[in-house]
Amino acid sequence: MVALDRLVDVLGSLGTHLACAPRGRDVELRGVALHDPAENTPAASGDVLLGLGTPSVAAAARLVSSTPASAVVLHGRPPLDERVVAAAKKSGAAVLLVDPSVPWGQLANVTQTLVNGGTRTGDLFGLADVIAGVVGGPVTIEDQQSRVLAYSYRQEDVDPVRVQTILGRRVPEEARRALDEFGVFTHLASSDEPIFVPKLTPQLGNRLVAAVRAGRELLGSVWVEVTGPVDAARSAALVDGARTAALHLLRSRASTDLERQAEADLVIRLLEHPESADVARLGLPSADLRVIAVQAHAGEGEHGAAVLAFQRATAGFGWSRPGRSALFGNVLYTVIPAADDAVEWVRSLVRELPAEATVLAGIGGPAEATQLPTSRQEADECLALSTGAPVVYDDAWARVLLHRLAAVAEAGRLPTRGPISNILRYDAENGTHYAATLKAWLAAQGDVRAAAKELNVHPNTLRYRMQKMAEVTPLPLDDPDQRLAMAIALSITRT
């Protein structure tokens, strides 16, 4: 079951437009039906009816008018014909128009996966309540990274760790270390039997824990705060609850994967063709945005960490998610409001990844929605400069400029003859350090003592080098344009 609003968001990437919704966007959809005019296949209330075989407006109006389905999908382009609008008002069915180029098979596949495989977050919270009532204690359901997915309604008289876990949406690191040292996570990785965890710290009380697993894959765990060891019946009830949680998580994964793909398609369109993208559908403002580019590496897998970063970015940190993301190749792109702290966003992402992961990030400058391709280019160039800490274009634009010029130089598009080329060639042939000396002198604006201090040589040594340099090649140091050109050439050349 899924809400109409979610179906509209997911199908939006396929060129779908909600033309009318007489009963609003909160209508719940429970099934999918295909219209077959030859067999007059019935649809039920709560169904999404795919309107195959409606070649005319009149046929579409008849179908919409007579169906008990909650939503009807038709091939067509907005605006919706008034006859179909009137029919929708009569039956109460929402009408979605999808671009005629989209095959019905693709629509059916996406819609069936979402409606029949989707699950509401509330279902998992309801399950937590059921487990709490049967086992007897406050419950949290968590994923493999100890992130809270749901918790029971009753949370009275819980210990401080439980409070911090719910408010922060994940187990505090100190408590997680204590649980790891006790062997809880090792047990969950290999056994479906519940494990009783005694009070490990003053803030962390007794727990009964069971793995949530699908086949051999560990999806998460269920935690019940208890006063002491429990009997076999309550342990068995927890195992049953964990199995039910696995079904919820598998259905949720199918739904979430579709939503991620829909979001990614919209983000990529926004970064490549912003004039045709609808930024409002991503829940983002049309101004004051910026692009973050992230690369993540861990172990030998080429893209494993990048995929995990994409999953974490689209799941969010804490209870909110300011950015919208897409994985393009091995680079994660996230569009975020400029008012949000992009550097802190990167740090939050790093905290969600395995400790061994290496994360590099570049952050583009603020931009209007139509200028996001420029912010993306800046983010890419800052990413190329990153060696650990995020590189922000606002602070690093000079380095970006020099990096661009260096790329031009490597492509052979800068002059290959002149004073700098002569000096570099002389250094290579004679083992001298004239290029570094001249670079320091120019950076110090001719201050011999400051340049000498930078090079850790005596001022007289620097003066001698400058004299000898002038014998190697003419140095028009009194010309400001020449000085600027030499400084740039030295900055983009390894000296």
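Worth saying up front: this structure is predicted, and the values here are computed from it rather than measured.

Focus on the sheet that holds strand 10 (residues 195-197)
Sheet strands pair by backbone hydrogen bonding; their relative direction is either parallel or antiparallel.
1) Next: One open sheet holds the 5 strands; their spatial order is 9-8-12-11-10, and the pairing between them is antiparallel. For this open sheet the edge positions go to strand 9 (148-151) and strand 10, each flanked by a neighbour on one side alone. Each adjacent strand pair in this sheet contributes to an overall mean axis angle of 25°, direction not counted.

Points about the side chain of Thr165
1) Next: Tracing the sequence through the fold places Thr165 in helix 6 (residues 160-168).
2) Next: According to the relative accessible area criterion, Thr165 is buried, its value standing at 2%.
3) Next: What Thr165 contacts, discounting residues up to four positions off in sequence, is Glu142, Val148, Arg170, Val171 and Pro172.

Notes on the sheet that holds strand 13 (residues 289-297)
1) Next: Taking strand neighbours across the sheet as the criterion, the 5 strands line up as 14-15-13-16-17 in an open arrangement whose pairing is mixed. The open sheet has two free edges, formed respectively by strand 14 (324-328) and strand 17 (391-392), since each of these has just one partner strand.
2) Next: As judged from the 6 bridges shared by strand 13 and strand 16 (residues 358-363), these two strands associate in the antiparallel manner. Paired with Ile292 across the two strands is Ile363, which belongs to strand 16.
3) Next: Together, strand 13, strand 14 and strand 15 (331-337) form the strand contacts of helix 10 (residues 304-315), whose direction differs from that of strand 14 by roughly 165°.
4) Next: The strands that helix 12 (residues 372-385) touches are strand 13, strand 14, strand 15, strand 16 and strand 17; relative to strand 13, the one it contacts most, it runs at about 35°.

What about the environment of Ile336?
1) Next: Note that Ile336 resides in strand 15.
2) Next: For the pair Ile336 and Val294, spaced 42 residues apart in the sequence, the C-alpha separation amounts to 13 Å.
3) Next: When neighbours within four sequence positions are excluded, Ile336 is seen to be in contact with Asp288, Leu289, Arg290, Ile292, Pro322, Gly323 and Trp345.

Digging into the pattern of salt bridges
Two side chains carrying opposite charge are able to pair once their charged atoms lie near each other.
1) Next: Considering all chains together, one arrives at 16 salt bridges under this definition.
2) Next: Among the salt bridges present, the one from Asp394 reaches Arg290, with a minimum N-O distance of 3.1 Å. Of this pair, Asp394 sits in helix 13 (residues 393-410) while Arg290 is found in strand 13, placing the two residues 104 residues apart along the sequence.
3) Next: Judged by its relative accessible area of 38%, Asp394 falls in the partly exposed class.

Quick word on the pairing of strand 6 (residues 71-75)
1) Next: Of all 5 residues in strand 6, 4 are buried; the element is thus mostly enclosed.
2) Next: Relative to strand 6, strand 5 (residues 47-50) runs parallel, the two sharing 3 bridges. The residue bridging Leu50 from the neighbouring strand is Val73, located in strand 6.
3) Next: Since strand 5 and strand 6 lie parallel, the crossover through helix 2 (residues 57-66) that links them has a hand, and here it is right-handed.
4) Next: Here strand 6 pairs with strand 7 (residues 94-98) via 5 bridges, running parallel. Across the sheet, residue Ala71 finds its bridge partner in strand 7, namely Ala94.
5) Next: Between the parallel pair strand 6 and strand 7, the chain is carried across by helix 3 (residues 82-91), and the sense of this crossover is right-handed.

With respect to empty space enclosed by the protein
1) Next: Applying the stated criterion across every chain yields a total of 2 cavities of 30 Å³ or more.
2) Next: By volume, the largest cavity is sized at about 60 Å³.
3) Next: Forming the boundary of the largest cavity are Thr140, Glu142, Val161, Arg162, Thr165, Val171, Ala175, Leu179, Leu204, Arg207 and Trp223.
4) Next: Those elements that place two or more of their residues in the lining of the largest cavity are strand 8 (139-143), helix 6 and helix 7 (173-182).
5) Next: Counting residues per element, the lining of the largest cavity draws most heavily on helix 6, which supplies 3 residues.
6) Next: Of the residues that constitute the lining of the largest cavity, the class distribution is 6 nonpolar, 2 polar and 3 charged.
7) Next: Approximately 30 Å³ is the volume attributed to the second largest cavity.
8) Next: The wall of the second largest cavity is formed by Ile268, Leu271, Glu272, Ala326, Phe328, Tyr333 and Arg376.
9) Next: Elements that contribute at least two residues to the lining of the second largest cavity include exactly helix 9 (232-272) and strand 14.

Looking at the nonpolar core
1) Next: Ile292, Val294, Leu332, Val335, Trp345, Leu353 and Leu372 are the most contacted members of the largest nonpolar core, which has 43 residues in total.
2) Next: In this structure, Val48, Ala94, Leu96 and Trp104 belong to the second largest nonpolar core, which totals 24 residues.

Considerations on helix 16 (residues 448-455)
For an α-helix the count is 3.6 residues per turn, leaving residues at separations of three or four pointing the same way.
1) Next: For helix 16, every residue scored as buried is listed here: Val448, Ala451 and Ala452. Buried residues in helix 16, looked at end-on, bunch into an arc of 100°, giving them a common side. Residues of helix 16 that are exposed and point over 90 degrees away from its buried face: Arg449, Lys453 and Glu454.
2) Next: As for helix 16, its buried residues are in contact with helix 15 (434-443) and helix 17 (459-472).
3) Next: Remark: Asn456 follows helix 16 within two positions and exhibits a positive phi of approximately 60°.

Concerning the packing of aromatic side chains
1) Next: Taken as a whole and judged by the stated rule, the model has 3 aromatic pairs.
2) Next: Ring centres 5.2 Å apart and planes at 75° place the aromatic pair Phe125 and Tyr151 in the edge-to-face group. On the criterion of sequence distance, the pair formed by Phe125 in helix 5 (residues 121-136) and Tyr151 in strand 9 is long-range, its members being 26 residues apart.
3) Next: By relative accessible area, which is 27% here, Tyr151 ends up partly exposed.
4) Next: When the ring of Phe185 is compared with that of Trp223, the centres are 6.4 Å apart and the planes differ by 55°; the resulting orientation is tilted. Of this pair, Phe185 sits in helix 8 (residues 184-190) while Trp223 sits in strand 12 (residues 217-225), and the two are 38 residues apart along the sequence.
5) Next: A relative accessible area of 3% places Trp223 in the buried class.
6) Next: We note Arg376 situated over the ring of Tyr333; from NZ or CZ to the ring centre the distance is 4.6 Å.

Parameters at a glance
- Residues numbered from 1 in each chain as written.
- Predicted model: local features only at pLDDT ≥ 70, side-chain atom pairs only at ≥ 80, totals over all residues.
- Heavy atoms only, no water.
- Pairing = 2+ DSSP bridges.
- Helix = DSSP H or I, 4+ residues; strand = E, 2+ residues; numbered from the N terminus.
- Axes fitted to C-alpha atoms, helices over the stretch in contact; angles between N-to-C directions.
- Buried < 20%, exposed > 50% of the residue type's maximum accessible area, 1.4 Å probe, protein only.
- Contact = heavy atoms within 4.5 Å.
- Salt bridge = Lys/Arg side-chain N within 4 Å of Asp/Glu carboxyl O.
- Right-handed = clockwise from strand over helix to strand, strands pointing away.
- 1 Å grid on protein atoms, 1.4 Å probe; cavity = no way out; pocket = protein on both sides within 12 Å on 5 of 7 lines; lining within 4 Å.
- Points joined across faces, edges and corners; volume = space filled by probe spheres on them.
- Nonpolar A, V, L, I, M, F, W, Y, C, P; charged D, E, K, R; others polar.
- Core = buried A, V, L, I, M, F, W, Y, C linked by side-chain atoms within 4.5 Å.
- Arc of directions from axis to C-beta.
- Phe/Tyr/Trp six-rings, centres within 6.5 Å; stacked < 30°, edge-to-face > 60°.
- Lys NZ or Arg CZ within 6 Å of the ring centre and 35° of its normal.

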